[in-house]
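Read off the chains here:
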Amino acid sequence: MRKLLSVVVSVYNEEAVLEQFYKEAGAVLESIGWDYELLFVNDGSRDGSFRILTELAGRDSHVKVVSFSRNFGHEAAMIAGLDHSRGDAIICMDADLQHPPRCIPLILEKFEQGFDVVNMVRTKNESAGWFKNLASSCFYKLINVLSDVKFENNASDFFAVSTRVAQVLRDSYREKVRFLRGYVQNVGFAKTTITYEAGVRAAGESKYSIRKLFQFSVNTIVCFSNLPLKLGIYAGGMAAFLGVVVMIYTLFTRGGAPSGYATIVILNCFMFAILFLIVGIIGEYMSILFAELKDRPIYIVAETRNLSGREESAADGDVN
Ligand code: UDP
Ligand code: MG
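All of the points below concern the structure found in this document. The model shown is predicted, which means the values in this text are computed figures rather than measured ones.

Focus on the site of ligand 1
Step number 1: Every one of the 17 residues lining ligand 1 counts as a neighbour, but E14, D43, D96, S206 and K207 are closest to it.
Step number 2: Residue Y12 places a main-chain N or O atom 2.9 Å away from an oxygen atom belonging to ligand 1.
Step number 3: Take Q98: an N or O atom from its side chain is 2.7 Å from an oxygen atom of ligand 1.
Step number 4: Its free accessible area being 530 Å², ligand 1 has 90% of it covered by the protein chains.
Step number 5: Residue composition of the shell around ligand 1, grouped by class: 4 nonpolar, 6 polar and 7 charged.

Shown next, in the form of C-alpha cells:
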C-alpha cells in the first residue's frame, strides 16, 4: 500500500496566492509516488479564501479544508492541521510559497531514510527586511541563553513530522500559549535539517506585524524559561549589597551631614524600575497560568470540506 502524505497549509487572507499555491504544490505532489492530502486550515480569513478553498475541494478530493469560526493565529491553524491529518508523514507549510513545494521530495527522502522530524532551516529570508532578520537572530540567541532547551537558529514554521511524532503533539502538547516549532525540535526522535531559501511572498502581504512578533517572542521566552522569574532574587541580592556599601560609607564618613540628594533620587528610580520590571515579568507568567487555567479551546472549527468522519476525533482534541 502506498504511504500517505498530509500537507498542512495555514491560510489567513490568502486569496491572492491560493490558486498558484495549489497549482505548484499539486504538480509536485502528483510526482512523489505517495498518496497525499492537501489540508488547508482557513484561520478565519475575511477575504475570498474560503470560497476558493471550497471550490478547490469540490474539484479535487485531495483537497481538504478545516475552517475556523474566527482568527485563532498561525500556531492554532498548524495544530488543527496536525489534529485532522492522517498521513504517515505530515508537512506544515505556509500558503504564500515562501516555503517552496519543490522541497517536498527532499523531505520525503529523509522520511524514507528513517527520520521522524525534519526541520527546515532558512538560509535567507528575502522579504523580511533587515529589522525582522536582525530581531529574529537576536531572539534565537536570547532564547538559547535563557532556556535549557536548544533551538535551531532560523527554524521556520516549515517542518515535517512522522505520524508518531504528530501523535505526541496531538496528545501531550495542548498548551494554550505555545511555540510549536520549539516542541517539534524538542520531542526527541531521529531528526534532521534541510536548508532552503525563503523567497519573496508570491502575492499579498505578511500577516505578522512587529507587535505580534514581539508578543510571540515574550510568550516563547516565558514558555521555555523560568530564568526571568529568578531575576528578583538576583536583583534583591544586588540591592542588599549596594545597601551595605552605602551604609558602611555613611558610617565611616565623619562629620558629613547627609548629602547627595541626587544620589537618593537616582537610587530610588533605579530600585523602583527593577521592582516594577520584576512585577511585570511575574505578570507575564501569571497571564499564561491564567490562560491555561481557563482551558479555552485552542481553535473552534466552523466548517470542513472533504473531511467527513474526522471531526469527532479532532473535537476531542480541542478541549484536551
Ligand atoms: N497565518 C495564519 N494566521 C494568522 C497569520 C498568518 O494562518 O493569524 C498564515 C498565513 O496565511 C501564512 C502563514 O501563516 O500562510 C505565514 O504568515 P506570513 O506569510 O504572513 O508570515 P511571514 O512569512 O511574513 O513571517
Ligand atoms: Mg510568509
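Overview of the packing of helix 9 (residues 227-252) against helix 10 (residues 261-294)
Step number 1: Between helix 9 and helix 10, whose axes approach to 9 Å, the crossing angle comes to 160°. With respect to helix 10, the axis of helix 9 lies roughly antiparallel. The crossing of helix 9 and helix 10 is left-handed. Residue-level contacts link P228, L229, L231, G232, A235, M238, A239 and L242 of helix 9 to L267, F270, M271, I274, L277, I278, I281, I282 and Y285 of helix 10.

Section: the pattern of salt bridges
Step number 1: Per the stated rule, a full pass over the model turns up 7 salt bridges.
Step number 2: R2 is the salt-bridge partner of D35, the closest N and O atoms lying 3.3 Å from each other. With a gap of 33 residues between them, D35 in strand 2 (residues 35-42) and R2 in the segment before strand 1 (4-11) connect regions that are remote in the sequence.
Step number 3: Connected via shared salt-bridge partners are E19, E55 and R59.

What counts and what doesn't
- Residues numbered from 1 in each chain as written.
- Chains lettered and ligands numbered in written order.
- Predicted model: local features only at pLDDT ≥ 70, side-chain atom pairs only at ≥ 80, totals over all residues.
- Heavy atoms only, no water.
- Near = heavy atom within 4 Å.
- Polar contact = N/O pair within 3.5 Å; in protein donor to acceptor, adjacent residues only side chain to side chain.
- Areas by Shrake-Rupley, 256 points an atom, 1.4 Å probe, with all protein chains shown as cover.
- Nonpolar A, V, L, I, M, F, W, Y, C, P; charged D, E, K, R; others polar.
- Axes fitted to C-alpha atoms, helices over the stretch in contact; angles between N-to-C directions.
- Helix = DSSP H or I, 4+ residues; strand = E, 2+ residues; numbered from the N terminus.
- Parallel < 35°, antiparallel > 145°, perpendicular 65-115°, else oblique.
- Left-handed = near helix turned anticlockwise from the far one by under 90°.
- Contact = heavy atoms within 4.5 Å.
- Salt bridge = Lys/Arg side-chain N within 4 Å of Asp/Glu carboxyl O.

So, to be careful, I would describe these as geometric facts and stop short of saying anything about function.
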